[in-house]
Amino acid sequence: MKLFYKIDPSGYREALDKIKAEFGMHEEVDEARTTLLLDDEEKIEQVSGTYDPQEDDAVQIRVILADKSLKGFFDSVLGEPYKVK
């Protein structure tokens, strides 16, 4: 399941920190993209956020879930997704 969110840049760091702490994820940063990963992808394959302050009004976050039951947690942290695949 892929979830796509748009959030306000002011809450971006706090949201990523909350997700990272909840699941014990590690963080990789590459230019305008931040990716959170788990060693074991049984529940969450990837969480990635993209934000370029010079071009973007909102942060775009993509969550790829292996365990669909975690959608509620991500919705509580990031709001309602604008797209679900």
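Below: a short report on this structure. Predicted, not measured: the structure shown is a model, and the values here were computed from it.

What follows is about helix α1 (residues 12-23). The end-to-end C-alpha distance of α1, which contains 12 residues, comes to 17 Å, matching closely the 16 Å that a straight helix rising 1.5 Å per residue would cover. Residues Y12, A15, L16, I19 and F23 constitute the buried set of α1. On an axial view of α1, the arc spanned by its buried residues comes to 95°, and they lie on one face. Among the exposed residues of α1, those oriented more than 90 degrees off its buried face are E14 and A21. Along its buried surface, α1 packs onto β1 (2-7), β3 (33-37), β4 (44-50), β5 (59-65) and α2 (71-78). Phi turns positive one or two residues past the end of α1, at G24, with a value near 65°.

Let's shift gears to α2. For α2, every residue scored as buried is listed here: F74, D75, V77 and L78. Along α2, the residues classed as buried sweep out an arc of 165° about the axis, all on the same side. Buried-residue contacts for α2 involve β1, α1, β4 and β5. One or two residues past the end of α2 sits G79, with phi positive at roughly 90°.

Attention now moves to the pattern of salt bridges. Inspection of every chain in the model, using the stated rule, returns four salt bridges. In this structure, D17 and R13 form a salt bridge, with 2.9 Å as the shortest nitrogen-oxygen distance. You can see D17 and its partner R13 sitting in helix α1, four residues apart, about one turn around the helix. For R13, a relative accessible area of 37% corresponds to the partly exposed category. Measuring nitrogen to oxygen at the nearest pair gives 2.5 Å for the salt bridge that ties K71 to D75. Here the residue K71 and the residue D75 both occupy positions in helix α2, the gap between them amounting to four residues, near one helical turn.

Calculation rules
- Residues numbered from 1 in each chain as written.
- Predicted model: local features only at pLDDT ≥ 70, side-chain atom pairs only at ≥ 80, totals over all residues.
- Heavy atoms only, no water.
- Helix = DSSP H or I, 4+ residues; strand = E, 2+ residues; numbered from the N terminus.
- Expected span 1.5 Å × (residues − 1).
- Buried < 20%, exposed > 50% of the residue type's maximum accessible area, 1.4 Å probe, protein only.
- Arc of directions from axis to C-beta.
- Contact = heavy atoms within 4.5 Å.
- Salt bridge = Lys/Arg side-chain N within 4 Å of Asp/Glu carboxyl O.

Everything listed here is a matter of coordinates, which is why it stays silent on function.
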